[in-house]
Every structure is written in C-alpha cells, then in structure tokens.
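Residues per chain are reported as follows:
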Amino acid sequence: MARYAAGEIEPKWQDAWSEDETFKAVRDPGKPKYYVLEMFPYPSGDLHIGHVRNYTMGDVVARYKLATGHAVLHPMGWDAFGLPAENAAQERKVHPGDWTYGNIANMKAQFSKLGLSLDWSREFATCDPDYYGKQQAMFIDMMEKGLAYRKNAVVNWDPVDMTVLANEQVEDGRGWRSGALVERRELTQWFFRISQYSDELLAALDRLDNWPDKVKTMQRNWIGKSQGLAFSFGLKGAPEGFDDLPVYTTRADTMRGPSFAAIAADHPLARALEAQSPEVAAFCAQCRRIGTSEEALETAEKLGFDTGVKVTHPADPDWELPLYIANFVLMDYGTGAIIGCPAHDQRDLDFARKYDLPVHSVFVPAWWTDEVADHGSPDYVPPERGGPAFVPAKTETVKYIRWFGEAGTEITCQEAMDQTLALFDENGWGTARTQFRLRDWGLSRQRYWGCPIPVVHCDACGVVPEKKENLPVELPKDIDFDKPGNPLDRHPTWRDVACPSCGGPAKRETDTMDTFVDSSWYYARFTSPRAETPTDAEEAAYWMNVDQYIGGIEHAILHLLYSRFFARAMNATGHLPEKGVEPFDALFTQGMVTHETYSTRDATGRTTWYFPSDVEERDGRTVLKSDPAVEVTVGPSIKMSKSKRNVVDPVAIIDHYGADTARWFVLSDSPPERDVEWTASGAEAAHRHLSRVWRLASEVDETAVEGDPEADQDLLRALHRTIHDVTMGIESFGFNSAVARLYAFTNQLSKSEAGRGAKREAMQTLAQLMAPMTPHLAEEIWQMLGGKGLVAREEWPEADPALLVEDSVTMPIQINGKRRSEITVPADMGRAEIEKLVLDTDTVQKALNGGSPKKLIVVPGRIVNVVV
RNA sequence: GCCCGUGUGGCGGAAUGGUAGACGCAGGGGAUUCAAAAUCCCCCGCCGCAAGGCGUGCCGGUUCGAGUCCGGCCACGGGUACCA
C-alpha cells in the first residue's frame, strides 16, 4: 500500500505555489489588505528550530488571511549587519560580507524547504548597498530636522586590543578576548533625539489595543515619566567654579530626611576633585572599571568615597550633608547627582549603614503610635532600629513625622509630595519638573560591518552631510582584520575625501550605525523594496501598517521602541504617512524553544558541551554515542544557544520527516507565547499523526456509500464544531488548541460509521483546516479527493451556527463546592425548573437530610452548587 | 539591583471565577501476526483493599465556589540602552 511520503509531496507543491505565484503580494482594490510580518532573522548561517516556530506561526496567519479573502503581504529579508560577521572575520579570515551572503544563501535554501507562503520577490538584506543607501538618505533628512546630532558619550574601551567593546564582550570588567581591565572612554558620538518624543511614545501606548499588556508596561517603565523636584544644593569646600549642585528627586516629601548627597564618578565635580586628589582619582578609576551597563553598575557592591565637600540644604543653608562619590549613581540619568534618604530607599539605607550615616524616618505607618513603638511590632520595624527601608505605594496613607508640614499629619505620599513641591516653589528652593528615564539613542558604532554614517568632517566647514546623489556611501571591500579596531579608520583611500561643501580635503565619518537602525524601518521598505526613495508613498499608503507583527519577547523594549520612534521620524521627514507612526497594529510575542543540555567536566573543572545528536540513552543513563562508557550530565532545559550546544538542527528533522511534521510539531503542545521544549519523541508522534490523516484520506473511497444516517449527522456536527474551534484558535493565536481540536476530530472521523459522502466532505474540510499548518499535506489530500485548483487559494470554510447548538447540557452538581453528582437537562431549561430537578435528586436529598438548603446557586448551562 | 513574565500528573500542556488534568508523549495491558513492524482497542494525578481523602511552586486572604482574583514569599526565564 502507498504511504505518506513527505519527501515527494513537499517539493511538488512548493513548485506548484511558485508557478501559480500564489503568495505574490498584489494590491487588489476589491479586497481588504493584510500585512503579516515576522521579525526578520539574523543570518547566522543555520536555520534554528526557533526560526521554524516563529515563521510557521506567521505562515499560519498569512495562509489563513489569504483564505479569508485578503490581499496578503508576507515578505522576508535579512538583518544582516552586526558583530558576529566581524568576529567570524577575525576568527576565520573571511570577509564579513562574504561570510554574511554565504550564510544568507544557506539559510534561504533551508527556509525554502519549510514551504512558507512568502513573497520572495521582495527580499533584501540590510547590508545591501541599495538598502543602507536609503537609510543614509533618511539619516541626512533627520540631521536637517535636528533629529540626529552629536554629543559625548562613554564606551567600553579595551586598552590591549585598542578597541571599543560591546557590553556582552565585557565579562567581569574585562575584555572577553584580551582579558584586560576595561576602561570607560568618552567619545563624540551620533544620537537620535528620541527624547523629543518621550511623551508621545508614552501616550500612544494607550492606543495600541492589540499589543500585549506586558510589552506596553515594559515600555512605560522604560520611558519612565516622573514628576519630581529640581533643586540645587549649595556647596562648601568645592573646587573653584562649582557654586551649586543641581539635583533631581522624585521624592520631594522626604526632603527633611536626607543624610548624604552623592555624585557619579563621571560628574564634572568629581572630575575636578579627581584632579586635586590622588585618592579621589583612584576611587573614580575603580568606579569606571565596572563598565557601562546598568546591570553591572547596579549589581556591583555599593561603594562611596567621602569627598570632604559639604552640600547645604536648599531649605536650610545651615544644614550640611556630606558629599560622596558613589559607584551606583548614573551620570546618564537626571543630573548625575542624588540626595540620599536612607529611611525610604533601600539602596540609600544600605549605603548609610555601610558608611555610618544617620537614618531619619520621614513617615511611619498610620497605625504606628508611641505606645506601639514602645512594645515594637512584627509588622513594622523602623529603619533606625534595623528594619528595611519603608517604601509604601504613593497612594498609601502614612503618618508624616519629619517633613515641612505639621508633624503627625496623616496623608498619602502623593499628597505630601504635592504639598512639598508647592512649598519649595513658593520659597524659591526648587521647582517641580517632569523628567523621563528615556535617553537619546546613541547610534555610533566604531565598527566596520554596519551602515556608514553619511557625513564628512571638514576643517573649514565642520560636519557636512554627504550629497544625496553620492549615496550610497559604500563600505570598502579591501579591508583586513589583522589589526584590532575599526578597519575604516585606517583605510586612507576610503576615509580621505573632498568636502561635499567646499571641495577641500576632508575625512569621512568612520563610525557606522547601530544595527537597530537597520531593523527600525525594514517593515516600511518591504512595501516598495525596489523604490528609488526609501519608500513609495502610494505603496506605503496601501500596505502600511503591519496588521500582525510576530517576534520574540526579548525585543519588547529596544527594537519595538526604536521602530516606533523611527516611524515618527520617517513621518516627520516625509517617508511615511501619518497613519504609519505606529507601524505595528497588532503584536504577538512568541516564546523560545528550549532544550536540555549535556555536558561533561574534565579533571581541571573545564566543561565540555555536547549536541543532543551526540548523546543517547542506554540502560537509563545518558551517554556519548561515540563512547558509551562516558556518562554525561543532563542539565535543565534552557534557551537554545550555540555556546551550550543544546540546539536541534531542523534540517535533519525536515529531511527525515518532512517540513509539515516540523511545522505541526512546533505548533502543537505549547501555547505560542510560551517557551517550548523540543523533544525527539514529539516529532515522531507528529509524523505518525500526519501519516494517519494521509491514510484516512486515501481510504475514504473504500467506505460504503450508505452509512448510518445518524452517524452522518454526528460527523457533520463535529465537523462544524471543529471549523468553529480551529478558526477561533487561529484568530486568537491558540495554535496548540487548534491542533488539539484537529487531533480530536481526526479520531472521531476515523471511528465514524458515516457514509462515503459525509466522510469525503469531512475529509476535504479537514484538509482546508489543516492547510495553514501543514500546507503540503493539505494540497495532497485536496487533490486526492478531487478538489479543483490549490487548497491554498480555497475560501476558508464557515461553521453553520445551527449545527453548533447543543440540545441538552450536562451540569455538575456541587454540595458545598465539591462535585458530588451531575444532571442532564434540555439546553433551554430555565433556572427555576433546574432548581426543582436538582433538589429532587438523591444526592441532594441525602445531603439535605430533610432540611432545606442554605443557598442554591444555579448557573444555567454551567454548574449547580448547593450549600447545606 | 531594577522592570516584565512564568510555575498544573512521569513529560509537553488544557480549563469565559464554575466537573482540574482536554489533546499529545512516555508507560502498562490486550487484539491482529508464524513472528515482527505498522495498525487498532483499553487503562493511566497521588494515597487507600475500599469508603474516602489529598492535590495546580509556598504561606495567607476574598468568594457559595479559586489553577484563575488580592497580599506576601520562593524558584526559573527575558530585558537592563554597544548581542540581535
């Protein structure tokens, strides 16, 4: 008997779609448009099972939307600039461009095996000069609008490799290759003025109804709008030129409770003190070794250095506080100086205890009295007496004992802050100010493999943008990575150019752009990928916005926030219509694919990691295939990564079982937003099921023409219930539920005593329902059963509401909330009648024991609860 | 550290505040077969002979009723502005 042969079926239908141009995006005024986009991949060289999951989900949506009568745009490209290509260049002596384009060719071949409904005619890579040339044109437009500008910022500097390091290249304060202690170095760099849109980016989140709340919350917190008090400390004993110290605090209500002030090591005052004192200089140098990442700064042990300088309180010039330099104060946030109130900030409290500074509670819980204080309470230990910092919600009412109002006042922190702000404003001690945590976007990278920043530095004219007709400013090909640092810096024929303005000798900018710039507008480029301008107004107006964007939760803040900003900048520079400023109408964030890890340790404690394909189970032990005597340690299932080798090659799975099996498996079991663990047995089971469906289809015509009429009707009802559930599943990203329903229906179909006609209809519709998930198999079955044309172009089946209605319903009966029995009643029976029937049942009679129920809850169609 | 998530059988997971464990994997039993593969059928949270009891990370609360809502913990994952 013939068998399900995915290897033969799949290429055949891929050719058929290609010939039919089924997935070519075509503007059609007669249809609603639908733009579905999955975050494009970094071309690492190998298709990863996580890609399979991500792109299969998008494909289900795209194919479903095509079937429901939309003009679909479903493009694909490559996020092709970035560090790994330079690492490969250094490690393997290959050109980053050759390496990248080789990887793209590899991955595209792997992608094509998946049978995704992509319009490949729109493909591009961000490292194509055509793409980054358009990006350079927009950069120049943004310069003119004041949205791109230069200022100083610090980078991680490796003094041995003489190169700038990314945060991930800094391990415990040392360069990952050289092992040298990393320094912070200040460079003049390019920035995008994203802060100009802080309020707008925050407010517009409220209109993103189809974004996950968690993503919106993360972005809100990241933008970090706060209302606070701006004031200046007076200074005593500070170097000349430093008369006061501007500070910003969000806790104006605690202004009577501070015990110290602190500044960042990079603060101008700290730098001035550094010049005077070797001890200060040594401490600042120590602070700068932590690196630049917030995580490193915040988790490092909190250290301070008493400068000997005193600050004076704005409301009381006689009140002096010590001024510290502290390693946890960030120069990038606020003014680079803080006021420390230990009683109401845990970090300040830790600091105060470490340096023996006083702790003054500004407020206590409202129920806290002197009497209670005498005896103590397990619910509140004052910070003065060793308790933790007291940081209640701003809406909570507390008792203020040390503030600018009357002692003993019971109000909320918010009210106290408002009153204090007003008082400071009245007396000229400070002013209320709104501040954002969001900083401008530093886009300069001192690297080769990125989009060149299209400006020229001229001694006579200053910073001059390149002429647009000279774009793209292409990366030179003849470079080498033998010396550390950016090859563009030491490439005279590329670097030395004539000034676009005066024609005199000048130098190109040798910094390239952050790769987040590349990915901040690719969605717009897909609407007109070959246009001479970054976008084509008509195409953008038609296809924008992205109706459904799909990608990893790891991009919740940076990529998505930068894209939202860039879309606004594109609108401001005439490259996107107004409606495009929020480019993604709906967002779905999928989970990662995880796998357990396998490792051994040698005598020196070094860990060696093994691929899942290198190990096997033997007699309950996990051992190396190559040497079964060696037992490996099985670690927890974590995000697949090359370094841990816990990766599964999807190509092997596809070659063995077929793309449909891989697709079916990644959609089943786990909900899409959750992580999924890859297991070999699951893939086997998926394949078994698809084989079964194929077999059922091939055997339909062996059924008797006349079946049991009741079975016909049952099958029809089940079919329509399945249509309904699968449709709902796809619409709501419940792919795993849709798959479970399809499993259940297949079971029912295989057991059904229905006649040939009913089974044929059920089978054909099943093929349609499976088509978004297992498109090749669906086409094959469709053809087997005599369906005309491609199932990919068939109209999506619709559930008949009349067939979804149930005649009777079974409800559980609970006694005191515990299920004791059940009752089956007509679906339309009223509450009163149900109550009567329930009270008559043996179970309830027994429970009541002659008495009457205390309470009787009937939720028609759902449940009955008798309280006795 | 801070922000955001997640936690349910041996495993992946299902469940508008309403029968906890759908569907699948693994496991056990059976049918078919000379035998096997493939396929089909049945069983399958834990304790208990049973009646019954206990069970959704832990502790507490709201409710007739909590996996679901609230408060406090714990563990794990993502992000933390130069990984993408």
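Residues numbered from 1 in each chain as written. Chains lettered and ligands numbered in written order. Predicted model: local features only at pLDDT ≥ 70, side-chain atom pairs only at ≥ 80, totals over all residues. Heavy atoms only, no water.

An unreviewed UniProt entry annotates chain A as Leucine--tRNA ligase of Mesobaculum littorinae. The heading Catalytic activity (unreviewed entry) in the UniProt record of chain A holds the text "tRNA(Leu) + L-leucine + ATP = L-leucyl-tRNA(Leu) + AMP + diphosphate". According to UniProt, the comment filed for chain A under the heading Sequence similarities (unreviewed entry) is "Belongs to the class-I aminoacyl-tRNA synthetase family." (UniProt positions renumbered as here; feature names shortened; annotations may be inferred.)

For chain A, mean pLDDT is 90; residues scoring 70 or higher make up 96% of the total. Predicted complex, confidence summary: ipTM 0.93, pTM 0.92. (pLDDT = per-residue confidence, 0-100.)

To continue, consider the packing of helix H23 (residues 735-751) against helix H24 (residues 756-770). Their axes nearest at 11 Å, the elements H23 and H24 cross at an angle of 165 degrees. Put simply, H23 runs roughly antiparallel to H24. Like other packed secondary-structure pairs, H23 and H24 cross with a definite hand, here left-handed. Within the contact between the two elements, H23 uses Leu742, Phe745, Thr746 and Leu749 and H24 uses Lys759, Ala762, Met763, Leu766, Leu769 and Met770. Taken together, the residues of the contact of H23 with H24 sort by class into 8 nonpolar, 1 polar and 1 charged. (Axes fitted to C-alpha atoms, helices over the stretch in contact; angles between N-to-C directions. Helix = DSSP H or I, 4+ residues; strand = E, 2+ residues; numbered from the N terminus. Parallel < 35°, antiparallel > 145°, perpendicular 65-115°, else oblique. Left-handed = near helix turned anticlockwise from the far one by under 90°. Contact = heavy atoms within 4.5 Å. Nonpolar A, V, L, I, M, F, W, Y, C, P; charged D, E, K, R; others polar.)

The full count for this structure, using the stated rule, is 48 aromatic pairs. With a centroid separation of 6.0 Å and 45 degrees between ring planes, the pair formed by Phe404 and Trp429 is classed as tilted. Linking Phe404 in the loop between strand S15 (397-400) and strand S16 (409-412) with Trp429 in the loop between helix H13 (413-427) and strand S17 (430-435), this pair joins segments that are 25 residues apart in sequence. A relative accessible area of 24% places Trp429 in the partly exposed class. When the centroid spacing of 5.8 Å and the interplanar angle of 55 degrees are considered together, the rings of Trp664 and Tyr743 count as tilted. Taken together, the positions of Trp664 in helix H20 (residues 659-667) and Tyr743 in helix H23 put the pair 79 residues apart, joining distant regions of the chain. For Trp664, a relative accessible area of 0% puts it in the buried group. (Phe/Tyr/Trp six-rings, centres within 6.5 Å; stacked < 30°, edge-to-face > 60°. Buried < 20%, exposed > 50% of the residue type's maximum accessible area, 1.4 Å probe, protein only.)

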